[in-house]
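Chain by chain, the residues:
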Amino acid sequence: MRDAVALEFDLPTASAANGTIMFETLLCELTGAEDATVVNNNAAAVLIVLNTLANGREAVVSRGELIEIGGAFRMPDIMARAGAKLVEIGTTNRTHAKDYRAALGSGDRAGPQGHTSNYRIRLHGRG
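Note that this is a predicted model, so its numbers are computed, not measured. (Residues numbered from 1 in each chain as written. Predicted model: local features only at pLDDT ≥ 70, side-chain atom pairs only at ≥ 80, totals over all residues. Heavy atoms only, no water.)

K.L.:
Would you explain the overall build of the protein in this entry?
P.N.:
A tally of regular secondary structure across the protein gives four helices and seven strands. Each helix and strand of the protein, ordered N terminal to C terminal, gives the series β-β-α-α-β-β-β-α-β-α-β. Within the protein, counting contacts between residues at least 6 apart in sequence, those at least 24 apart form 62% of the total. Summing over all exposed atoms, the protein offers an accessible surface of approximately 9,400 Å²; the carbon and sulfur share of this is 52%. (Helix = DSSP H or I, 4+ residues; strand = E, 2+ residues; numbered from the N terminus. Contact = heavy atoms within 4.5 Å. Areas by Shrake-Rupley, 256 points an atom, 1.4 Å probe, with all protein chains shown as cover.)

K.L.:
What is the right way to read the pattern of salt bridges from this model?
P.N.:
Opposite charge on two side chains allows them to pair when their charged atoms are near. Under the defined criterion, the tally for this structure stands at two salt bridges. The partner of Arg63 in a salt bridge is Glu88, with the nearest N and O atoms 3.1 Å apart. With a gap of 25 residues between them, Arg63 in the loop between strand 3 (58–62) and strand 4 (68–69) and Glu88 in strand 6 (residues 85–89) connect regions that are remote in the sequence. Under the relative-accessibility criterion, Arg63 is labelled partly exposed at 34%. Here Glu68 and Arg74 are joined by a salt bridge, their closest N and O atoms 2.8 Å apart. (Salt bridge = Lys/Arg side-chain N within 4 Å of Asp/Glu carboxyl O. Buried < 20%, exposed > 50% of the residue type's maximum accessible area, 1.4 Å probe, protein only.)

K.L.:
Help me understand the environment of Phe73 in this model?
P.N.:
Locating Phe73 in the fold gives a position in strand 5 (residues 73–74). Separated by 30 residues in sequence, Phe73 and Ala43 place their C-alpha atoms 6.6 Å apart. Excluding anything up to four places from it in sequence, Phe73 contacts Ala43, Ile67, Glu68 and Ile78.

K.L.:
Sorry if this is basic, but what is going on with the sheet that holds strand 6 here?
P.N.:
Two modes of strand pairing occur in sheets, parallel and antiparallel, and in both the strands are linked by backbone hydrogen bonds. Read across the sheet, three strands follow the order 6-3-7 without closing on themselves; strand pairing throughout is parallel. This sheet does not close on itself; its edge strands, each paired only once, are strand 6 and strand 7 (109–110). As paired strands, strand 3 and strand 6 are joined by five bridges and run parallel to one another. Counted as the bridge partner of Glu58 is Lys85 from strand 6. (Pairing = 2+ DSSP bridges.)

Here it is as structure tokens:
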């Protein structure tokens, strides 16, 4: 996995292909999982995970992690599409462990996290 991989096309024949089958099979072999799903971006992965684990449930997210990923996918929108109910905690610049403890107290909530490798903060025009 050091180089780019063509998942959607069979390059030698220039035809459509389902290259994910090879990766799904290998992933199952490596992990012992019954099945696997391979996606090509973080937004898709977040949507699938939240839909599976938090559909109809509350998901606790620090306000500083309500990010936009993949160019135009905003975390609150992805969560809503997945059926998760957003519970915001902390502030945009600081969230403490006690904020998570208080919000996760019932134990029936998910806690997805955004990481700075997935986004960066930019200031846009002043006006």
